[in-house]
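Listed below are the residues making up each chain.
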Amino acid sequence: MTVSTGVVLAAGEGTRLRPLTSTRPKPMLPVANRPILEYVLDALVDAGISDLVLVVGYKRDRVQNHVGSTYRGVPVTYVHQAKQLGSGHALLQAREAVDGPFLTVNGDRVIDPQTVGDALDAFDGTPTMAVRDHPNANEYPNGAVRLDGDRVTELVEQPDGPYRLINAGVYAFPAGWFDRLAATKRRGGDLYLPDAIVELAAERGVVGVRTEGLWVDITYPWDLLEATRQLLGAGLVDEQAHESGVYVHETARVHEDATLQGPVVVGPDAEIAAGVVVGPDTAVGRNITVEANATIERSLVGADTRVGSGATLCDCVTGMAGEIGPGVVVPGGETDVRIGTDIHERERLGAVVGDRVTLAGGSTLGPGTLLGVGATVGVGAIARDHVAAGAEVVR
Amino acid sequence: MCGIIGCVGRGDDTLDTLLDGLDTLEYRGYDSAGVALANGSVQTAKKAGELDALREHLADWSPSGTVGIGHTRWSTHGPPTDANAHPHCDCTGEVAVVHNGIIENYQTLRDELATDHEFVSDTDTEVIPHLIEDALADHGPEAAVRATLDRLEGSFAIAVVIAGTDAIFAARQDSPLVLGIDDNATYLASDVPAFRVHTDRVVYLDDGQFVRLDADGYTVTDFDGTPRSPSVETVDWDPEATGKAGYDHFMLKEIHEQPRALRQCLQGRVDELAGDVTLDIDPDIDRVQFVACGTSYHAALYGAALFRAAGVPAQAFLAHEYAIQTPPVEDDLVVAVSQSGETADTLAAIREADRRGADTLALTNVVGSTMARECTDALFIRSGPEIGVAASKTFSAQLTAVNLLALATVGAGDEDVRDLIGALRDLPADIQTILDASGAREVAREYVDSESFFFIGRGYHHPVALEGALKLKEISYTHAEGFAAGELKHGTLALVTPDTPVFAVVTGDGEAARKTIGNVKEVEARGAPVIAVTDGESDVERYADAVLEIPSTHARTAAVLANVQLQLVAYHVANELGRSIDKPRNLAKSVTVE
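Residues numbered from 1 in each chain as written. Chains lettered and ligands numbered in written order. Predicted model: local features only at pLDDT ≥ 70, side-chain atom pairs only at ≥ 80, totals over all residues.

S.K.: Looking at this structure, I do not really get the overall build of chain A. What am I missing?
M.R.: When helices and strands are tallied, chain A shows seven helices and 40 strands. Rg of the C-alpha trace for chain A: 22 Å, near the compact-globule value of 21 Å for 395 residues, within the 12% margin. Dimensions of chain A along its principal axes, counting C-alpha atoms only, are 65 × 40 × 35 Å. Relative to its 395 residues, chain A shows a buried fraction of 59%. Within chain A, contacts between residues at least 6 apart in sequence are counted, and of these 51% link residues at least 24 apart. (Helix = DSSP H or I, 4+ residues; strand = E, 2+ residues; numbered from the N terminus. Rg over C-alpha atoms; globule rule 2.2 N^0.38 Å. Buried ≥ 20, exposed ≤ 12 C-beta atoms within 10 Å, placed from the backbone. Contact = placed C-beta atoms within 7 Å.)

S.K.: Is there a simple way to think about the sheet that holds strand β21 (residues 359–364) of chain B in this case?
M.R.: Residues and elements named next belong to chain B. With parallel pairing, the five strands of this open sheet are ordered in space as β19-β18-β20-β21-β22. Looking at the sheet topology across the chains shown, the edges are occupied by β19 (314–318) and β22 (377–380). Strand-to-strand, the axes of this sheet are offset by a mean angle of 20 degrees, without reference to chain direction. Relative to β21, strand β20 (residues 332–338) runs parallel, the two being bridged by six bridges. Counted as the bridge partner of Val335 is Leu361 from β21. Across the sheet, helix α10 (residues 344–355) touches β18 (287–292), β20 and β21, and the angle it forms with β20 is around 165 degrees. Packing of helix α12 (residues 393–409) onto the sheet brings it into contact with β20, β21 and β22, and relative to β21 it is tilted by some 140 degrees. (Pairing = 2+ DSSP bridges. Axes fitted to C-alpha atoms, helices over the stretch in contact; angles between N-to-C directions.)

S.K.: Please clarify how the sheet that holds strand β23 (residues 452–457) of chain B should be interpreted in this entry.
M.R.: Through backbone hydrogen bonds, the strands of a sheet pair up, either in parallel or in antiparallel fashion. All names here are of chain B. Read from one edge to the other, the open sheet built from five strands follows the order β24-β23-β25-β26-β27, with strand pairing classed as parallel. The strands lining the two open edges of the sheet, one partner per strand, are β24 (479–484) and β27 (546–549). Adjacent strand axes in the sheet meet at a mean angle of 20 degrees, parallel and antiparallel pairs treated alike. In this structure, β23 lies alongside strand β25 (residues 502–506), joined through three bridges in parallel fashion. Along β25, the bridge assignment pairs Phe454 with Val502.

S.K.: Explain the pairing of β21(B) to me, please; I cannot follow it from the model alone.
M.R.: A regular strand places its side chains on the two faces of the sheet in alternate fashion. β21(B) sits mainly inside the fold: five of its six residues count as buried. With respect to chirality, the unit in which β20(B) leads through α10(B) into the neighbouring parallel β21(B) is right-handed. (Right-handed = clockwise from strand over helix to strand, strands pointing away.)

S.K.: Teacher, can you tell me more about the confidence of the model for chain B here?
M.R.: Segments scoring low in pLDDT should not have their predicted coordinates read at a detailed level. Chain-level statistics for chain B give a pLDDT mean of 90 and a share of 97% at 70 or above. Here the complex is predicted with pTM 0.81, and the ipTM for its interfaces comes to 0.89. (pLDDT = per-residue confidence, 0-100.)

S.K.: Can you walk me through the UniProt feature "domain: Mannose-1-phosphate guanyltransferase C-terminal" (unreviewed entry) in chain A in this structure?
M.R.: Taking the UniProt record as the reference, the feature "domain: Mannose-1-phosphate guanyltransferase C-terminal" (unreviewed entry) is found at residues 246–330 of chain A. Measuring from the first to the last C-alpha atom of residues 246–330 of chain A gives 23 Å, for a span that is 0% helix and 42% strand. (UniProt positions renumbered as here; feature names shortened; annotations may be inferred.)

S.K.: Before we go on, may I ask you to explain the UniProt feature "domain: Nucleotidyl transferase" (unreviewed entry) in chain A in this structure?
M.R.: In the numbering adopted here, UniProt assigns the feature "domain: Nucleotidyl transferase" (unreviewed entry) to residues 6–231 of chain A. Secondary structure across residues 6–231 of chain A comprises 28% helix and 29% strand; the distance between its end C-alpha atoms is 23 Å.

S.K.: So what exactly am I meant to see when it comes to the domain arrangement of chain A here?
M.R.: By a widely used convention, the size of an interface equals the accessible area lost when the partners come together. Residues and elements named next belong to chain A. Taken domain by domain, chain A holds domain 1 (5–217) and domain 2 (240–393). Distance from the C-alpha centre of domain 1 to the C-alpha centre of domain 2: 31 Å. At the interface, eight residues of domain 1 touch 17 residues of domain 2. (Domains from an automatic or database assignment.)

S.K.: Can you help me understand the interface of chain A and chain B in this one?
M.R.: Each partner contributes residues to the interface: chain A has 21 residues there, and chain B has 24 residues. Here the side of chain A that touches chain B gets three residues from one element, more than from any other, and that element is helix α2 (residues 60–67) of chain A. Class assignment for the residues of the side of chain A that touches chain B results in six nonpolar, nine polar and six charged. (Nonpolar A, V, L, I, M, F, W, Y, C, P; charged D, E, K, R; others polar.)

S.K.: Can you help me understand helix α14 (residues 440–447) of chain B in this one?
M.R.: Because each turn of an α-helix spans 3.6 residues, side chains separated by three or four positions in sequence point in the same direction. Residue and element names in this part refer to chain B. Buried within α14 we find Ala440, Val443, Ala444 and Tyr447. For α14, the angular spread of the buried residues around the axis is 100 degrees, confining them to a single face. Residues of α14 that are buried sit in contact with β26 (530–534), β27 and α17 (555–576). (Arc of directions from axis to C-beta.)

S.K.: I would appreciate a short explanation of α10(B) in the present structure.
M.R.: Residues and elements named next belong to chain B. For α10, spanning 12 residues, the distance from its first C-alpha to its last is 16 Å, which sits close to the expected 16 Å at 1.5 Å a residue. When we look at burial in α10, the residues that qualify are Ala344, Asp345, Thr346, Leu347, Ala349, Ile350 and Ala353. For α10, the secondary structure elements touched by its buried residues are β7 (154–162), β18, α9 (319–324), β20, β21 and α11 (370–374). Of the residues flanking the end of α10, it is Gly357, one or two places downstream, whose phi is positive at about 90 degrees. (Expected span 1.5 Å × (residues − 1).)

S.K.: Help me out: how do you make sense of the UniProt feature "active site" (unreviewed entry) in chain B in this one?
M.R.: Residue and element names in this part refer to chain B. UniProt records the feature "active site" (unreviewed entry) for Cys2 and Lys589 in the present numbering. For Cys2, the location among the structural elements is in strand β1 (residues 2–8). Residue Cys2 is classed as buried on the basis of its C-beta count, with 28 C-beta atoms lying within 10 Å.

S.K.: How should unusual backbone geometry be read in this particular structure?
M.R.: Note on backbone geometry: most residues besides glycine have negative phi, and most peptide bonds are trans. Across the junction of A:Gly279 and A:Pro280, the peptide omega takes the value 0 degrees, indicating a cis bond. Residue position: A:Pro280 is located in the loop between β21 (277–278) and β22 (282–284). Geometrically, the link from B:His86 to B:Pro87 is a cis peptide bond, its omega value of 0 degrees lying close to zero. Turning to its location among the elements, B:Pro87 is positioned in the loop between β4 (67–73) and β5 (88–89). The phi dihedral of A:Asp269 is positive, around 65 degrees, even though this residue is not glycine. Structurally, A:Asp269 can be placed in the loop between β19 (264–266) and β20 (271–272). Using a count of 25 C-beta atoms within 10 Å as the deciding quantity, one classes A:Asp269 as buried.

S.K.: Help me understand the environment of A:Ala32, please; the structure alone is not making it clear to me.
M.R.: Residues and elements named next belong to chain A. Within the secondary structure, Ala32 sits in the loop between β2 (30–31) and β3 (34–35). Along the backbone, Ala32 and Arg132 are 100 residues apart, and their C-alpha atoms lie at a distance of 24 Å. If we ignore the near neighbours within four places in the chain, the residues touching Ala32 are Thr228, Leu231, Leu232, Leu236, Val237, Val265 and Ala283.

S.K.: What is the right way to read the packing of helix α4 (residues 127–136) of chain B against helix α5 (residues 141–149) of chain B from this model?
M.R.: Relative placement of two packed helices is described by the angle separating their axes and the distance separating the axes. All names here are of chain B. Taken N-terminus to C-terminus, the directions of α4 and α5 make an angle of 125 degrees; their axes are 8 Å apart at the nearest point. By the angle class used here, α4 and α5 are oblique. Judged by the sense of rotation from one axis to the other, the crossing of α4 with α5 is right-handed. Of the residues in α5, those in contact with Ile128, Leu131, Ile132, Ala135 and Leu136 of α4 are Ala144, Val145, Ala147 and Thr148. Here the residues of the contact of α4 with α5 sort into eight nonpolar, one polar and no charged. (Parallel < 35°, antiparallel > 145°, perpendicular 65-115°, else oblique. Left-handed = near helix turned anticlockwise from the far one by under 90°.)

S.K.: What's the story with the pairing of β24(B) in this structure? I'm lost.
M.R.: All names here are of chain B. Bridging between β23 and β24 involves six bridges; their strand directions are parallel. Bridge pairing in β24 links Phe454 to Glu481. The handedness of the β23 to β24 crossover, carried by helix α15 (residues 461–476), is right-handed.

S.K.: Which parts of the structure should I look at to understand the UniProt feature "domain: SIS" (unreviewed entry) in chain B?
M.R.: This chain's UniProt record puts "domain: SIS" (unreviewed entry) on residues 277–415 and 443–584 of chain B. Between the end C-alpha atoms of residues 277–415 of chain B there is a gap of 15 Å, over a span that is 40% helix and 21% strand.

S.K.: Explain the environment of A:Ala10 to me, please; I cannot follow it from the model alone.
M.R.: Along the chain, A:Ala10 turns up in strand β1 (residues 5–10). Between the C-alpha atoms of A:Ala10 and A:Gly149, which are 139 residues apart in sequence, the distance is 32 Å.

S.K.: Is there a simple way to explain the environment of A:Leu20 in this structure?
M.R.: All names here are of chain A. You can see Leu20 is positioned in the loop between β1 and β2. For Leu20 and Asp355, which are 335 residues apart along the polypeptide, the C-alpha to C-alpha distance reads 7.1 Å. With near-sequence residues (within four places) excluded, Leu20 lies in contact with Leu29, Pro221, Val317, Gly319, Val352 and Gly354.

S.K.: Help me out: how do you make sense of the packing of helix α7 (residues 258–266) of chain B against helix α13 (residues 417–437) of chain B in this one?
M.R.: All names here are of chain B. At their nearest, the axes of α7 and α13 sit 8 Å apart, and the two run at 170 degrees to each other. On the basis of their axis angle, the class for α7 and α13 is roughly antiparallel. Where α7 approaches α13, its residues Gln258, Pro259, Leu262, Arg263 and Leu266 are matched on the opposing element by Leu424, Arg425, Leu427, Pro428, Ile431 and Gln432.

Structure representation (structure tokens):
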């Protein structure tokens with residue numbers, strides 16, 4: 001069955017990725033210097049989708065401004081989810097913008113055209129969802145799946161017992177399916193797309209199609225580092241390749257005495273001084289400035305950030321427009337990280353830094369530090385654990 | 001100021017092609033619109049009002065033809081009525097003409113023609129079809145149009161269709177006209193967006209050139225028939241860059257595009273670590289005269305201040321005044337600032353400067369514009385197309401570009417060049433920070449019902465105050481005035497009451513800030529609400545009823561940031577009042593008449 005419309009759910013915040021998502025929706029988080037959403041849109045366009053509908057909500061300006069009215073020549077229509085009342089509610093907002101059968105994908109998971117194509121090939125008018133093997137399906141927070149032949153028999157959020165498959169977040173639905181979605185039982189006022197699938201599977205069956213394409217879910221900040229590593233490895237990078245695994249945008253200025261250790265990507269307009277070492281597994285964003293002899297490894301440095309001379313950043317994810325002073329040290333390594341109320345043990349994470357932070361000269365961030373938007377760490381001070389937005393850490 | 005479109009070779013899609021083209025040209029004027037299609041005979045449809053009125057009219061009656069011209073109008077001669085809308089026809093209805101510009105000798109021509117011809121409109125344009133009608137008695141179609149061109153004085157871009165000829169004849173004199181070249185079709189328009197969706201290959205016509213478009217392609221000659229072969233260029237921007245992308249208005253979209261616009265403006269031109277600014281122009285500068293109008297004039301005032309700070313005598317002039325009362329021009333570089341590069345007043349000023357031997361530089365957004373081609377040099381601000389009639393992103397880019405110009409040519413005076421380059425590179429993120437958390441909407445709601453608004457600023461913030469007031473006037477139709485902060489007490493303070501909010505731009509904590517705070521106290525004492533646009537470095541917040549914050553930055557770039565807050569204030573005030581934000585009454589995007 002020919003499907004030309006793709007609905008992308010891009011309205012969510014991604015609370016487990018704060019403070020990075022304090023200023024942008026999760027689909028706009030950069031992985032290897034491109035927002036997650038771009039990989040999703042590429043997958044849809046490459047799979048032949050010719051009409052894109054983006055459901056936007058939280059910080060929607062960021063999505064609209066980035067994507068504009070077309071993506072690679074494919075027209076984009078925006079629909080607005082005013083309140084974030086679940087993935088099903090988000091999809092329901094697209095009702096007036098969609099005509100005929102359509103594809104639905106989450107805007108916050110990196111997918112490839114093959115995954116989309118597999119779902120489209122399997123779609124015969126029966127609601128269809130992509131599933132994939134996952135080593136930790138039992139612990140996967142967005143839904144474990146069981147199939148009987150090509151039929152979905154179970155889709156559960158908190159699986160009990162052995163599961164091998166997970167929900168890949170790619171669905172194909174027939175025309176007129178919105179009425180059925182609207183009738184789905186709500187939970188605490190919210191409407192979830194997986195709940196609709198579960199009800200539908202019991203009523204008349206849902207096709208589950210196994211897919212094996214590139215697929216990276218990002219739930220926690222360290223997932224961004226892992227995703228960047230995978231995407232750099234796969235060469236899914238906009239910037240030009242200079243040598244194996246070294247990608248530098250043509251407008252970046254990299255001093256001849258700087259060292260780029262692949263896999264690494266350097267964004268447009270970046271300036272990198274002599275003696276700097278960047279990489280491996282590192283993405284430095286657009287318009288950043290790295291002064292002499294700084295070292296950045298296994299990190300994502302957000303656009304418009306300034307890194308002072310001699311600074312060392314390991315295992316970091318930083319937001320936009322940080323001021324990182326000379327001699328700042330983020331040593332990185334494994335640590336226990338608290339996200340919300342959960343403790344995640346032995347995650348490799350140097351620090352997660354929101355937009356517009358100031359790390360004064362000689363300051364240090366202990367492993368696993370989460371630094372809120374606009375926070376300041378004073379000269380020589382040491383920050384650990386969680387630092388609230390706008391807070392100042394002094395020695 | 002009007003928009004022209006024409007196409008040959010679109011078959012049954014001719015009418016839709018014309019209407020879609022007019023859609024993208026509406027920013028050039030929108031008080032009436034019309035089309036004419038030639039297919040043996042000439043059929044014309046036109047209607048006062050926005051383009052939708054014409055579409056409605058055409059729903060009942062659709063002319064057909066494979067050659068067509070269209071027009072969207074902004075009144076210069078005669079009010080917006082059906083009769084005054086273009087195309088205009090001759091007495092036989094076999095010649096249809098669309099025109100942008102002004103025929104200065106139209107009264108003479110009309111008096112001459114009036115005995116044998118019936119005029120149905122108040123426009124200057126209508127003389128053209130009647131002249132062609134007369135010329136057709138002795139000439140073939142093409143020669144008749146050429147003969148008519150010889151009779152016209154003034155500025156014009158015209159396009160003509162004549163019954164029985166499957167061709168468009170067009171000519172350009174002091175009004176923009178560009179061709180779009182595709183494999184099986186040819187287009188002409190006042191501006192590239194009108195046909196960009198069909199082709200990216202364009203030919204910019206020069207003044208004094210005539211073109212025939214027909215099924216075989218296009219032929220360019222001078223008015224006298226000498227063959228010309230202008231080069232075909234490729235434009236690089238995305239046709240859909242002109243969609244609203246989910247925003248309620250183009251202006252709001254364009255305000256949000258500013259980080260990207262400034263990245264483009266800066267790209268490849270600055271090297272912060274080396275402290276270098278490199279432009280592909282290198283004018284010799286002893287003294288500078290800026291000429292501009294409207295928003296661009298505010299950028300010119302700011303630019304002149306940058307050059308003076310580097311010890312170079314520099315002044316900004318209103319272009320229309322400059323053209324008739326030209327100051328002494330010696331070794332001056334005359335810099336023309338114009339978003340479109342087609343502003344007739346500014347063109348007149350640089351032509352006068354050129355006549356007096358000055359070097360000229362166009363600071364513009366439009367590659368291939370008349371100004372870019374006529375000036376000795378051009379510096380492009382690279383903002384991408386701006387559709388909202390009220391300039392937003394292009395003003396920010398003008399301020400950015402003029403900083404680059406000053407740094408590249410005369411330096412920064414007492415300022416540290418690397419700091420300044422750093423501040424320029426910070427602009428995209430600083431503006432994003434404002435856009436993420438602006439309180440402008442709340443301020444707009446609080447003060448929307450005020451009878452008058454004042455804006456004050458000192459030094460680099462003086463042009464920002466002027467621009468803040470202009471923007472509010474343009475799109476909200478509310479009275480507003482901007483002043484140098486110290487000037488208020490020399491007269492206008494008499495108008496300040498509790499009903500007149502005063503926006504004060506105060507950044508840093510230096511002398512300019514302290515003095516402006518003194519002026520803030522003056523208005524506060526008269527009971528006026530004060531809205532401070534500030535980086536929080538001074539204590540102006542103590543005297544303010546509301547604060548619009550901007551990130552701390554260099555004094556020069558602070559002006560760019562403060563302006564972004566004032567753009568948002570103007571937008572939200574206009575939106576609260578339900579104004580036609582992208583197409584304010586009586587205004588057109590680029591004014592190509594003097």
